[in-house]
Amino acid sequence: MMASRVFTRSMASAAKSAKPPIQLFGLDGTYANALYSATVQQSSMDASYKALGKIAQAIKDDSRLATVLSNPALTKNDRVAIAEGIAEKLKLDKTITNFLAVLAENNRLANFGSIYEKFALLNDAHNGVVVAKITSAKPLDSKILNKLQASIGKSSFVGAGKTLNVTNPVNPEILGGLIVEVGDKTVDLSIASKVSRLNQTLQESL
């Protein structure tokens, strides 16, 4: 428990001198930002990212572990014991071990998956990789995808000396149009979003 308090203080101290390459928001983003700042001071991005990957894989392989981590009825002592067990079994380094302890004490173990996703964005940015996720209702034609990639690559979102990695997830629920996410920026051009805004405008007018 003392180690987690020390880690919390070190995160605050590190944040002043190790600003993340992109600023993430929300609760999960805050934890990911803090881990990034601590990592560049105490460990290495490669080591921390691989360690988080090991935890994510363990949760994926063991459905009981996933259920336990999301159990809101666990006491703080139970959560800390589980975090310590995971760290010992996976032979995690001090930085990630203490980070798990912080999540356990703050009852945020259930948020691990989304924090891991946020940290992946920071890891990419740290290594000069900018991830662009272009979500569409149907798979995009390769020509359209290439044009979008070229446009994004020339934008200020990417910048000189960066490597652009484009993915095209499909989500029929957006109905049409696109949702473009580049790093921590999002441009929602989906039909579903436009319909939602129209409905909101109509309701406010009544």
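Residues numbered from 1 in each chain as written. Predicted model: local features only at pLDDT ≥ 70, side-chain atom pairs only at ≥ 80, totals over all residues. Heavy atoms only, no water.

S.K.: Please provide a residue-by-residue account of unusual backbone geometry, values included.
M.R.: Of note, the phi angle at lysine 91 is positive, near 55°, even though the residue is not glycine. Checked against the element boundaries, lysine 91 lands in the loop between helix 5 (76-90) and helix 6 (94-105). The class of lysine 91 is exposed, set by a relative accessible area of 71%. (Helix = DSSP H or I, 4+ residues; strand = E, 2+ residues; numbered from the N terminus. Buried < 20%, exposed > 50% of the residue type's maximum accessible area, 1.4 Å probe, protein only.)

S.K.: Outline the pattern of salt bridges, listing residues and values.
M.R.: Summed over the entire model, instances satisfying the criterion amount to three salt bridges. Lysine 50 is the partner of aspartate 46 in a salt bridge, and the nearest nitrogen-oxygen pair spans 3.3 Å. Of this pair, aspartate 46 and lysine 50 both sit in helix 3 (residues 45-61), four residues apart, roughly one helical turn. Classification of lysine 50 as exposed rests on a relative accessible area of 53%. A salt bridge links arginine 64 to aspartate 62; its shortest N-O distance comes to 3.5 Å. (Salt bridge = Lys/Arg side-chain N within 4 Å of Asp/Glu carboxyl O.)

S.K.: Quick rundown of the sheet that holds strand 1 (residues 129-136)? Include the residues and the values.
M.R.: Taken together, four strands build an open sheet; the order of strands is 2-1-3-4 and the sheet is mixed. The sheet is open, and its two edges are formed by strand 2 (163-167) and strand 4 (185-190), each paired on a single side. On average, each strand axis in the sheet is tilted by 15° relative to the strand beside it, whichever way the strands run. Across the face of the sheet, helix 8 (residues 142-154) comes into contact with strand 1, strand 2 and strand 3 (177-182) while running at roughly 145° to strand 2. (Pairing = 2+ DSSP bridges. Axes fitted to C-alpha atoms, helices over the stretch in contact; angles between N-to-C directions. Contact = heavy atoms within 4.5 Å.)

S.K.: Outline the packing of helix 3 against helix 7 (residues 112-126), listing residues and values.
M.R.: Packed helices, taken two at a time, are described by the angle their axes make and the gap between the axes. The contact between helix 3 and helix 7 brings their axes to 10 Å, and the two run at 150°. In terms of their interaxial angle, helix 3 and helix 7 are classed as roughly antiparallel. Our pair here, helix 3 against helix 7, has a crossing hand that is left-handed. Judged by residue contacts, Met45, Ser48, Tyr49, Leu52, Gly53, Ile55, Ala56 and Ile59 of helix 3 engage Phe112, Tyr116, Phe119, Ala120, Leu122, Asn123 and His126 from helix 7. Taken together, the residues that form the contact of helix 3 with helix 7 break down as 11 nonpolar, four polar and no charged. (Parallel < 35°, antiparallel > 145°, perpendicular 65-115°, else oblique. Left-handed = near helix turned anticlockwise from the far one by under 90°. Nonpolar A, V, L, I, M, F, W, Y, C, P; charged D, E, K, R; others polar.)

S.K.: I'd like a rundown of the side chain of threonine 135, residues and numbers included.
M.R.: Inspection of the secondary structure puts threonine 135 in strand 1. The contact partners of threonine 135, leaving out residues within four places of it in the chain, are Pro169, Asn171, Ile174, Gly177, Leu178, Ile179 and Glu181.

S.K.: Can you lay out the environment of valine 195 for me, pointing to particular residues and giving the numbers?
M.R.: Within the secondary structure, valine 195 is located in helix 9 (residues 191-205). For valine 195, a relative accessible area of 37% gives the class partly exposed. When the C-alpha atoms of valine 195 and leucine 175 are compared, they prove to be 9.8 Å apart, with 20 residues separating the residues in sequence.

S.K.: A description of a nonpolar patch on the surface should follow, citing residues and the corresponding values.
M.R.: A cluster of nonpolar side chains, namely Phe157, Val187 and Leu189, defines an oily patch on the protein surface of about 250 Å² accessible area. For valine 187, the position within the fold is in strand 4. Among the residues examined, valine 187 registers a relative accessible area of 34% and is labelled partly exposed. (Patch = residues over 30% accessible without salt bridge, like charges linked within 9 Å, V, L, I, M, F, W, Y side chains within 5 Å. Areas by Shrake-Rupley, 256 points an atom, 1.4 Å probe, with all protein chains shown as cover.)

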